[in-house]
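Listed below are the residues making up each chain.
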Amino acid sequence: MKQSRYIKSLLTTLGLILICLTQSCDEFLEQEPGSQTSINEQLSSKDGVLEALLGAYTSLESTVRSERYAIYADLQGGNLKFSPNLSSSSLGEISVPINLENVYNFQDLAQSSDLESIYDSNYDIINQANLILEFVEALTDATSEEINQIKAQALTIRAYCHFLLAQIYAQNYSYTADASHLGIVYNTTTLTNGITYPSRETAFATYTLIIKDLTEALSFYNEADILDGPEYSYFNLYNTKAFLARVYLTKQDWQNAYDMANDVILNSGFSLVSSENYISEWEKTDTPVSEILLEFSIPRDSGDNVGGSMSAFYGYTSDSDYEKYVASEDLLNLFETTDIRKNLFLEQPLATLIDNELEDVNYYFTKKFQDNAAFVGLRLSELYLIRAEASIGLENLEDAKDDINVIRERAKASLLTSTDNLEELLLEERRKEFCFESQYLFDLSRNQQDIVRNDGCISQTCNLDYPSDKFILPIPQDNIDLNENLQQNASY
Amino acid sequence: MSMAITIPNHLIKNLITITLFLYCLNGFSQNKKLSLNFNKEPLSNILKSIEKETNYRFIYNTKKIDASKKTSISVKNKTPREALTALFLNTDITFIINNNQVLLTKKNTQTRANNLQKNQERLVKGTIISASDNFPLPGATIKIKGTAKGAITNIDGQFTYLLKGSNINNIILEVSYLGMKTKDVLVGNQSNFTIYLEENTNKLKEVVITTSYGTEKLKEEVVGSIATLQSREIATNQASESIDKMIEGQLVGVLVENTSGIGGPVSINIRGQGSLTPLSDSVLGTSTQPLIIVDGVIMSEESAIDSNFFDGSGTYTETLANPLAQISAENIESLNVLKDAAAVSIYGADGANGVIIITTKKGSKGKTKFNFSTQLGISNAINQIQYLNGKQYSELRNEYLANTGSSTVPYNGVDTDWFNLLNGTGVYNKYNFAASGGNGKFNFRTSVTYLDIEEPQKGNNSKQLNAGININYHINDLHVGLSLNPSYVKKNAPNIYYNYAFIPTLSPYNDDGSYSSVGVTGLGNPLAAIDQNTNTTDTYGILGSINLAYPINDNLKISTLFGLNYTDKEQDRYFSGENESGQYSGTFTLNGVEYPNYGRRVINQRNSKKWNWQGQLLYNKQFNKIHNIDGLIGFELSEDKADFDYASGRGFVNPNVINAVTNAIQDDDITTTDDETTGNQTYDSDISYNSRVSFFSQINYNYKKRYYFLGNFRRDESSVFGSDTNVAYNGGVGISWIISNENNFNSNFINFLKIKTSYGTTGNSRIGSYRSKGLYDTYANGYNNLDEASTSTAPNGSLSWEKNTKFNAGIDFNFLNSVQVSLEYYYDAISDLITSRNIPSETGYSSLQLNAASMYNKGLELSTKVNWIQSDKFNWTTSFNIATLKSKVTELKGLGSQYSTAERALAQKVGYSTTTIWGINWVGIDPGTGRDLLEKDGQVYDAVTYNNLFDSADWEPIGDTQPDAYGGFNNSFKFKNLSLSIRGSFQIGGDFLVEDEIISKYNITSNRNLSVNAYDYWRNQGDIALQPVVTSNNPTISNYSKYLYDNTYLKISNINLNYNFPLNSVKFLNNLSVFLDISNVGYWYKDKSPYDRNGIREFKFKYPQARTISMGINGKF
């Protein structure tokens, strides 16, 4: 009797164990890390997904605000030259900042590309967006509006980063007639689906995919309020449309570019900064110009201390405390005397070494990016000039002239009276309006123009005729080495 | 060796001529040839003469056997069996030989006749007792010889059995017990038996624990490759703090790496390193250590985790400790190392690096016995590195200053020998007390060991308290066992700057007697540090299990065990503001007063809980006496949880006394919104959890004890794997054939012969938790001041355990009754090794942990034991083992280059061992320029040219840290009551790379000394020098072949001389012995150190090893 009781209880226990094993194995085997969070855990709740989305914005912000990206288009295009050195050992000398030295000389190396970090971090952000897109549908604690809103923003981030990469690593869209030249790797998957060794899309396919993502995003935007903070610091319906207009323009899809730009101008509710406020709006220390559509918030700690801003490259505090980049006279000389945009330059005499003597020479800092200035993503003025450029493409020259005049009028520059040389004038207007806003090199290549750098150019190669392999940069050699499917750009 | 003895005729009257041939040593009579020549002699006389000339003893019942009967026999050169067959050919007597006993009985024909006449019954009772310790033996088998009938003793070692038959007096009882010599007992007319069994000293009859799930086998019957040490073979008197150091060299194929210093992490490699040497973050790699199981409890491994503050690197992270310090060596009954697939595949995904099963001593029935021992010794540092003396240093330093364009400084006359100041004489002190006893239902053993080690390194000491409690309780057939091993280790180590070579021209004291400043950032005057800083670690541990077992019937047993290993460790450090180690730059303000940032308190805590729960059903049955089957099936759940805490406070108002972390406060900066009051305090915590669910089974079969088969199967599901691949199936099979058990096996030379082989898979799942998941880091104050998360580690859903396929083949043979040899060949193919690989950054990540490499370890293992002389007065036994090891990386998956660069000595490249040392072939010093000359592809380059042309990716293999062969030996001598044992280990081949910073890195001499080898520097044109010109622009590259030393050595690890007092000389004691022990006696290196210079002997251990000479006393009562 006693024996059988023991047997019974033991067998019962064993049975219970087996049941428990088969039933709750999964839970028992689920162990979460401590200070870090696993992807599954992080993206299993709405709050977690929103944190991840904010993380993507932070990465995007720090990428576009990095010297290597923020300066690149203006430096290459000829808008910038360098202020004299401040360090005692080379006081007054003018030298190329080390971070962009090879790029500036059109001698970037695949092995150690100046912009390698830009390549890597953009794909990092793309992966963050992809992870969100992969998990967001399954959220149970979010409304469908919220899910759509998250999807819309993640898709836009993904498209934005790919566009940025396409501009740096792929020749302009019209480089070949059918855009069959190399584009970039378009990544829409994550490692949770296994490792892939992608090859580059054609330029055509790259832009098709960017537009697809953006169009899809536009269909998802809604009224759901998911993240705190200024509206312009996140992607939304209108800045996405504005961005799409820029993409269409780059693709020289004139009608779509026109329509998108027109939509934003008419319907976004934003209006251009007025002439009177133009300078003061730019001089504001902590907030962007009122016509801003997209501006990524600079990092601040809980004590509101700024963790970095555009003034790190363009700032002027005193003659012993200023930054590296100033306007070239190539740019300065474009402005008519009446042009109020001339007042955006801060003229400062700085000790410069000339023939081994220190002499004061005037340099021109920009007021756009003093103090706590952030990277300007998109502002309404650009939409007028996109519409103008599209109109030229559509051969509505009068419309184009009118749109250019909207910007010129505000700047108190002389108005265009004829449609002669409109393309050239438009390019110059863009240069004047968006200088320091990371656009000019791309404007040049889109319009198949040569790079001409005169004033202050200390590059071994100042001018570069279009087309040239050096309009774009090498894919980092590490990536080429690791992935035999990946093709390097010509001449690298 | 053979010996012929002619027995003089007159000894056995005039009729007897017996010639004996003795082929070997002691007691080897069974196979000796006999010649008998008797004519009508009484049988008893013939038997007596045989007894005289052989070791045979005749047993017979005088009532049945008429020994006075006149018998004739004439045989020449016959084996005893043949001779006896002839002797009894035409009689009614038959005989049975068992070991040395020859039992004479009446032939069957006659018994059968008696049988018909009378059928008898008799109830017999008895007790089976172990002869060595007088304890009754529960579970001993009593069988009627020649049948399967019989009884098993109960808890009290007693049995009762009803004998039936016609001739009960002639029945022989065969009494057997695992680990004891089987004994035959003639029933005769007895009804009550007290039978003593003797321990089997024959290695083959030793019991080997084959799994922690309750299986054990006789050594001869083990199919797998298992190396075993019994308690008596372990050098428990060696002055070490944990068992791993005592077994160095004593187990074939087991390489115990000698870490110097007390209580450091254990390093045991079984059959080579089971995983790749990680290229970075060695603490975060896959575990290369065996699974250690103590009485069924899986010991937790102390390892760092991938998290700031807890990654084991940097000045303020925890110092890792040796988990084996939780058990005292005195408490260990046996240590079994499982090596091949047949042995370890039952441990599935945890078995790749081998498994060590430790069993602790248990109590047994009888009067309570006590055992005590104390040991006291002194230790000294040996083989210290010689540094430049003050004059030499000053000379070299000035050469450097002159050559680099600075002005020289005259020698100040100071010559400080920092080593002597920091090292002295250590004291080793150990006390051990144990008690054991029990009655039929209950038995216990408890023990306490207290160890107090003052290291030769001044200020460093370690106190260790280990207890052991073992209780077994029987309620009817239910067995309840409890095993507890609580431990407490207190380590104090303020002398932490031993490996930094302070310059000799610096006086340790100022004129006023205070400690001088050493002027090295982050370090303090080492003497001041010993005096003023603290670094104490308290570790509380408990290793315990409770188990229940119940026999359902004779063939089936069910048992379950719950084991827990709990450790709580706190390391508490204070860097005093009184010396530079605690003088940080900057200031803080409190109550408006500005103070320097002096004093730092750092507290690291680790709390680990590892439990495992297993349940299994064990089956055991014999069919028809020829088929033996046993097996088990079971489950195991385990969970390992480690919690980490870190607290640090820096900057105190009164920094010269130990402050609490919370005392590190300062004024709040009112211009910010943050509260800066506790800004100098840092807290962090993290966790590392993992869990596993497993099912396992094993089956053993043997046919007539000749052919053995073993099969293992295990399923593991683990939280550390990716969700795609979280189930691992492993298994193995083994077969063996005991040739010497075959009927027709007849050899006078070989006593035992067995061949065996096994094949199977195991895995290595100890790859660190969460690696497969892909991680986010979360931050406060992110974008727009909101909380945010960004990706960090890449996910790899298919990340899986490392697979280790093991093949083993071996032969065991014993010959001449005194030599035991075991030879094995193994080949471990390891695949899916986890490595960090660069991946295309288009994925969003730069590297990924993945299963991307394969390698193998293979080698031969030879172990032998020779009983040279075995007599009552003098015994001499030698055991020796040697193992070879070859390993090679066979595959590194795609993903770019086959060579992982990074300027480090160990890399991974196909075709080379993972322990290959990469570097540059050094040719000499250019007599013209004084610069290093380096060779690459047959071309000799000046160091500067080489540096311009090549980088670390061009390095070539210059050596290998892994030895070609390694092993050890143990020689024991016993003369009357005196015994001496000498243990040692050796290594053949293998290289050791000395850091260049100690030899010729001149640019660090502003505040660091160099070894005296640096003094051989190039001075003038034409000099044939060993070290280059003393300047900064002779590039310093670390891995020159000149820094490489041959690590071939022989080490005498322990010499122990023991004297056992004769028992009758001390009345109240059962046993008393005194001993003298020398631990770490010395090293012999093949690579000799040049006169007055350092060689591998000195360079090998930066923390000098200690030689300890001790004396002790051991008593039992």
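Just above, that's the structure.
Chains are numbered independently. Their residues run from 1 in the order of the written sequence. Labels follow written order: the first chain is A, the first ligand is 1, and so on. It should be noted that, the model being predicted, local features are given only for residues of pLDDT at least 70 and side-chain atom pairs only at 80 or more, the latter also being counted only at that level, while totals for whole chains, interfaces and linings use all residues. Calculated side-chain values reflect all of the structure's heavy atoms, with hydrogen atoms and water omitted.

Residues and elements named next belong to chain A. You can see Trp-282 is positioned in helix H12 (residues 275-283). In sequence terms Trp-282 and Gly-183 are 99 residues apart; their C-alpha atoms lie 36 Å from each other. Only heavy atoms enter the contact rule, under which two residues are in contact if any of them lie within 4.5 Å. Excluding residues within four positions of it along the chain, Trp-282 makes contact with Val-289, Leu-344, Lys-367, Lys-368, Val-376, Arg-379 and Glu-437. Labels follow the DSSP assignment, with helices taken as runs of H or I lasting at least four residues and strands as runs of E lasting at least two, numbered in each case from the N terminus.

Along an α-helix, residues three or four positions apart point the same way, because every turn accommodates 3.6 residues. Residues and elements named next belong to chain A. Helices are assigned an expected span. That span is 1.5 Å times one less than the residue count. Taking 1.5 Å per residue, 14 residues should reach 20 Å; helix H15 (residues 380-393) reaches 20 Å between its end C-alpha atoms and fits that length. A simple rule labels every residue: compare its accessible area, found with a 1.4 Å probe on the protein chains alone, to the largest value its type can have, and call it buried under 20%, exposed over 50%, or partly exposed in between. The buried fraction of H15 is high, at 13 of 14 residues. With its phi angle positive at about 65°, Glu-395 sits one or two positions after the end of H15.

Here we take up the interface of chain B and chain A. Chain B puts 61 residues into the contact, and the matching count from chain A is 65 residues. Using a 1.4 Å probe, buried area is obtained as the accessible area two parts lose upon being combined, added over both of them. Surface buried jointly by chain B and chain A totals about 5500 Å² across both partners, of which 61% is contributed by carbon and sulfur atoms. Criterion for a salt bridge: a side-chain nitrogen of Lys or Arg within 4 Å of a carboxyl oxygen of Asp or Glu. In this assembly, chain B and chain A are joined by 0 salt bridges. N or O atoms closer than or at 3.5 Å make up a polar contact, with two conditions inside protein: a donor-capable atom paired with an acceptor-capable one, and, for residues adjacent in sequence, both atoms drawn from side chains. Linking chain B to chain A there are 17 residue pairs in polar contact (both at pLDDT 80 or more). Considering every element that reaches the side of chain B that touches chain A, the biggest residue donor is strand E35 (residues 681-703) of chain B, with 9 residues. Following the grouping adopted for this structure description, the nonpolar residues are Ala, Val, Leu, Ile, Met, Phe, Trp, Tyr, Cys and Pro, the charged ones are Asp, Glu, Lys and Arg, and the polar ones are all others, Gly among them. The residue inventory of the side of chain B that touches chain A, partitioned by class, reads 26 nonpolar, 23 polar and 12 charged. Any two strands with at least two DSSP bridges between them are considered paired. Strand direction decides the pairing type here: strand E1 (residues 36-38) of chain A and strand E39 (residues 775-779) of chain B, joined by 3 bridges, are antiparallel. Counted as the bridge partner of Thr-37 of chain A is Tyr-776 of chain B from E39 of chain B.

As a further point, take the state of the cysteines. Residues and elements named next belong to chain A. For the purposes of this analysis, a disulfide is any pair of cysteine sulfur atoms at a distance within 2.5 Å. For the structure shown, the criterion picks out 1 disulfide over all chains. One disulfide bridge connects Cys-457 with Cys-462, the sulfur atoms lying 1.9 Å from each other. Of note, the bridge from Cys-457 to Cys-462 carries an S-S torsion of about -105° and is left-handed in sense. For the pair Cys-457 and Cys-462, a shared accessibility class is recorded, and that class is buried. Considering cysteine sulfurs only, Cys-457 is the nearest to Cys-435, which forms no disulfide, with 18 Å between them.

One can find Ser-638 of chain B in strand E34 (residues 627-650). Once residues lying within four places of it in the same chain are set aside, the contact partners of Ser-638 of chain B are Phe-28 of chain A together with Trp-611, Asn-612, Asn-690, Ser-691 and Arg-692 of chain B.

Attention now moves to the packing of helix H11 (residues 254-267) of chain A against H15 of chain A. Residue and element names in this part refer to chain A. In the contact formed by H11 and H15, the axes pass within 8 Å of each other and the chain directions differ by 150°. Seen from above, H11 lies across H15 with left-handed handedness. Taking contact as the criterion, the partners of Trp-254, Ala-257, Tyr-258, Ala-261, Asn-262, Val-264 and Ile-265 in H11 are, on H15, Leu-380, Leu-383, Tyr-384, Ile-386, Arg-387, Glu-389, Ala-390, Ser-391 and Gly-393. Considering only residue class, the contact of H11 with H15 consists of 11 nonpolar, 3 polar and 2 charged. Fitting a line to C-alpha atoms yields each axis, with helices limited to the stretch in contact; the angle taken between N-to-C directions then spans 0 to 180 degrees. Left-handed describes a crossing whose near helix is turned anticlockwise from the far helix through less than a right angle; right-handed describes the clockwise counterpart.

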